Structure formats: structure tokens, C-alpha cells
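# Descriptive structure summary
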Amino acid sequence: MENGASNSYIIRPNFKNKFRVALVKDVIHSTLQEELSGKNYDPQQVTSWTKGITDTIKLRLKELNFDRYKIIVQVVIGEQRGQGV
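So, here's what we can say about the structure. (Residues numbered from 1 in each chain as written. Predicted model: local features only at pLDDT ≥ 70, side-chain atom pairs only at ≥ 80, totals over all residues. Heavy atoms only, no water.)

### With respect to the overall build of the protein chain
As a reminder, the rule being used: Helical segments are the DSSP runs of H or I of at least four residues, strand segments are the runs of E of at least two, and each set is numbered from the N terminus. Each residue is placed in one exposure class: buried if its accessible area under a 1.4 Å probe, protein chains only, is under 20% of its type's maximum, exposed if it is over 50%, and partly exposed if it falls in between. The contact definition used throughout considers only heavy atoms, calling two residues in contact when any of these lie within 4.5 Å. Values of accessible area rely on a 1.4 Å probe in the Shrake-Rupley scheme; residue burial ignores everything except the protein chains shown. Residues scored as charged are limited to Lys and Arg (positive) and Asp and Glu (negative), so that His and the chain ends carry no count. Here the site of a charge means NZ on Lys, CZ on Arg, CG on Asp, or CD on Glu.
Helix and strand counts for the protein chain come out as two helices and zero strands. The burial tally for the protein chain puts 19% of its 85 residues in the buried class. Contacts spanning at least 24 positions in sequence make up 67% of the contacts within the protein chain whose residues lie at least 6 apart. Carbon and sulfur atoms form 50% of the exposed surface of the protein chain, whose accessible area is close to 7300 Å². If you average the places of the 13 positive and of the 9 negative side-chain charges in the protein chain, the two averages end up 6 Å apart.

Pasting the structure below:
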């Protein structure tokens, strides 16, 4: 490597772009409050609710510009009939 090229790969993100768990939790909680407040469980609607919530959370997290992270969002909605979760 006599041409003066140095290693240009980055192993970890810089400090300002580190993954901030508290910020992500706030986004998740606010999205769930907005999307599910005032709704009762309806098995016919659950599929569209989960898809909408997933897309909204993913979009809001991408707006936070976390470099070098792959964002995966999984939403599960189930009915609770007095049994423990």
C-alpha cells in the first residue's frame, strides 16, 4: 500500500449518532398513544392497525438519522381477556 491510501472503514458510529434508547422509547410510546387511544380490540381491524403503527414508528425513527443502524419494527396486538400476559 504505497499509494498513501488509508483505511476508510468505520467500525462504530460517531458519538452524536449513537443509538439513544430513551429517545426511541419516547417515539414508540407517543405513537402507540396516538394510534390506539380510544380504540377497542377488533379482530377485523388489528391487521391494518399493526401495519400502520409499524410504518409510523419506522418513519419516525428514520427521521432521527441514526447512521449505520438497520431499523426493524415488530408490532403485535392481542386481546387480553382477564388472563395474564
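The rest of the description comes next.
### Details of a nonpolar patch on the surface
Test applied: Patch building starts from residues that exceed 30% relative accessible area and form no salt bridge, then joins like charges within 9 Å and nonpolar side chains (Val, Leu, Ile, Met, Phe, Trp, Tyr) within 5 Å. Salt bridges are identified by distance alone: a Lys or Arg side-chain nitrogen within 4 Å of an Asp or Glu carboxyl oxygen.
On the surface, Phe19, Val21 and Tyr69 cluster together into a nonpolar patch covering about 250 Å² of accessible area. One can find Phe19 in the segment before α1 (21–36).

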